[in-house]
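Architecture at a glance
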Amino acid sequence: MSVRALPLLFLNLGGEMLYILDQRLRAQNIPGDKARRVLHDIILTMFNKSFIEELLKPQELYSKKALRTIYDRLAHASIMKLNQASMDKLYDLMTMALKYQVLLCPRPKDVLLVTFNHLDTIKGLIQDNPALLHLVDETLRQLIEVYGGLSAGEFQLIRQTLLTFFQDLHIRVSLFLKDKVQNSNGRFVLPVSGPVPWGIEVPGLIRMFDNKGEEVRRVEFPHGGNYVTAPKEGSFEVYGDRVLKLGTNMYSVNRPVETHTSGTSKNLASQTQQSIAPNPLAKEELNFLAKLMGGMEIKKTSGPEPGFRLNLFTTDEEEEQAALTRPEELSHEVVNIQATQDQQRNQELARIMGEFEVMDQPRWSASKGDDLLAMMDEL
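Reference entry: report on the structure contained in this document. (Residues numbered from 1 in each chain as written. Predicted model: local features only at pLDDT ≥ 70, side-chain atom pairs only at ≥ 80, totals over all residues. Heavy atoms only, no water.)

**Observations regarding the packing of helix α2 (residues 32–46) against helix α7 (residues 130–147)**
Geometry of a packed helix pair, given as the angle between the helix axes and the separation of the axes. Taken N-terminus to C-terminus, the directions of α2 and α7 make an angle of 40°; their axes are 10 Å apart at the nearest point. Between α2 and α7, the angle is such that the two are oblique. The two elements α2 and α7 meet at a crossing, and its hand is left-handed. Residue-level contacts link His40, Ile43 and Leu44 of α2 to Leu132, Leu135 and Val136 of α7. Grouping the constituent residues of the contact of α2 with α7 by class yields five nonpolar, one polar and no charged. (Axes fitted to C-alpha atoms, helices over the stretch in contact; angles between N-to-C directions. Helix = DSSP H or I, 4+ residues; strand = E, 2+ residues; numbered from the N terminus. Parallel < 35°, antiparallel > 145°, perpendicular 65-115°, else oblique. Left-handed = near helix turned anticlockwise from the far one by under 90°. Contact = heavy atoms within 4.5 Å. Nonpolar A, V, L, I, M, F, W, Y, C, P; charged D, E, K, R; others polar.)

**Looking at the pairing of strand β4 (residues 205–209)**
Note that β4 and strand β5 (residues 215–220) share five bridges and pair antiparallel. Among the inter-strand pairings, Arg207 is bridged to a residue of β5, identified as Arg218. (Pairing = 2+ DSSP bridges.)

**Describing the packing of helix α1 (residues 6–27) against α7**
Closest axis-to-axis distance for the α1/α7 pair is 12 Å, and the angle between their directions is 150°. Our classification of the angle between α1 and α7 gives roughly antiparallel. Regarding α1 and α7, the two cross each other, and that crossing is left-handed. Within the contact between the two elements, α1 uses Pro7, Leu8 and Leu11 and α7 uses Thr139, Leu143 and Tyr147. Residue composition of the contact of α1 with α7, grouped by class: five nonpolar, one polar and no charged.

**Let's talk about helix α8 (residues 152–166)**
Since the α-helix packs 3.6 residues into each turn, any two residues three or four apart lie on the same face. End to end, α8 covers 21 Å across 15 residues, agreeing with the expected 21 Å (1.5 Å per residue, within 8%). Considered for burial, the residues of α8 that qualify are Phe155, Ile158, Arg159, Thr161, Leu162, Leu163, Phe165 and Phe166. Contacts from the buried residues of α8 go to α1, α4 (64–75), α5 (84–104), α6 (110–125) and α7. (Expected span 1.5 Å × (residues − 1). Buried < 20%, exposed > 50% of the residue type's maximum accessible area, 1.4 Å probe, protein only.)

**Notes on the packing of aromatic side chains**
As enumerated under the stated definition, the model contains eight aromatic pairs in all. Ring geometry for Phe10 against Tyr71: centres 5.4 Å apart, planes inclined by 20°, an arrangement best described as stacked. Within this pair, whereas Phe10 is found in helix α1, its partner Tyr71 is found in helix α4, the two being separated by 61 residues in sequence. Grouping residues by exposure puts Phe10 and Tyr71 together as buried. Measuring from centroid to centroid gives 5.2 Å for Phe165 and Phe166, while their planes differ by 85°, and the two rings are edge-to-face. Across this residue pair, the class does not change: Phe165 and Phe166 are buried. Among the aromatic side chains, those forming a connected cluster through ring pairs are Phe10, Phe51, Tyr71 and Tyr91. Here Lys64 stacks its cationic end above the ring of Phe165, 5.0 Å away from the centre of that ring. The ring of Phe236 has Lys109 lying over it, and the distance from NZ or CZ to the ring centre is 4.5 Å. (Phe/Tyr/Trp six-rings, centres within 6.5 Å; stacked < 30°, edge-to-face > 60°. Lys NZ or Arg CZ within 6 Å of the ring centre and 35° of its normal.)

Here is the structure:
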């Protein structure tokens, strides 16, 4: 497992979250000032300097449950509220979109270009905020510093770590199904056409060499695809043409997107077994959350501003139905972590969460998971 995969996972999933929220805010005709406030607050929290510094430290990838807790808090970093069904759908869309992008990366190093595409598009959402633009640009510079010197083998390990994280997720997304890039069982269709990785020749030719290294024979074979040579390499600088389109906003054209849980009874049974099994990394994940959330400092706002609820479904009825019909095996509240046993850690988390509150915004009930310790005990 790579100790450099976590920042790319977090930033790419965060980028997908912002794409989805931006689309839903526009679809529900949320006033422009409120929609802008939501996106800016989330981006401010996501790219906080201390948080990014903590995130970029070498560390192993943690479980889906620990990362899901981060995104629950991140999505509620402003005046917007999502109920559990909408948060589930949001996270499903985020993870499946990124899984598709990582699968289709022409070469392992291109996962970095996917990340840059997300950050470039995020900058398009905050063009009127120079302070936020500076934070995103600074994150880009740090990514270049950390990942610029990694070898192809290290990027391969990063990509493999990300694919391992996503390997059991087979959630059907209507947009992918309509575009015929996903099968009805939730598995993606890998193309046999398009540009090959940069620096690689189009398949179809075998060269044979003698013991002196001189070519002595060529044999062509049918490759069964429609490949072309890559026009140029994408830019790994702060500004530049990424060439690769993976990681750009697929919701820029307003299309409804639905998710449908897909899986066999065997898969569901294994997930249930995982749910009731004790988690040996519980303490480490709690420490991980404490350190990360300790860096997620939300700027205090002045003046009251009413909050609002965002629905990721077309209607409230669909949202209510999704909450009722979502399989129990896929519930995120499955691992019993006894965080209350460590008094010192309790005090530290209480201090962190005290700094994490947003002033002058509606306080949601504890049942919605505002308190980190409550959330971890409910997992």
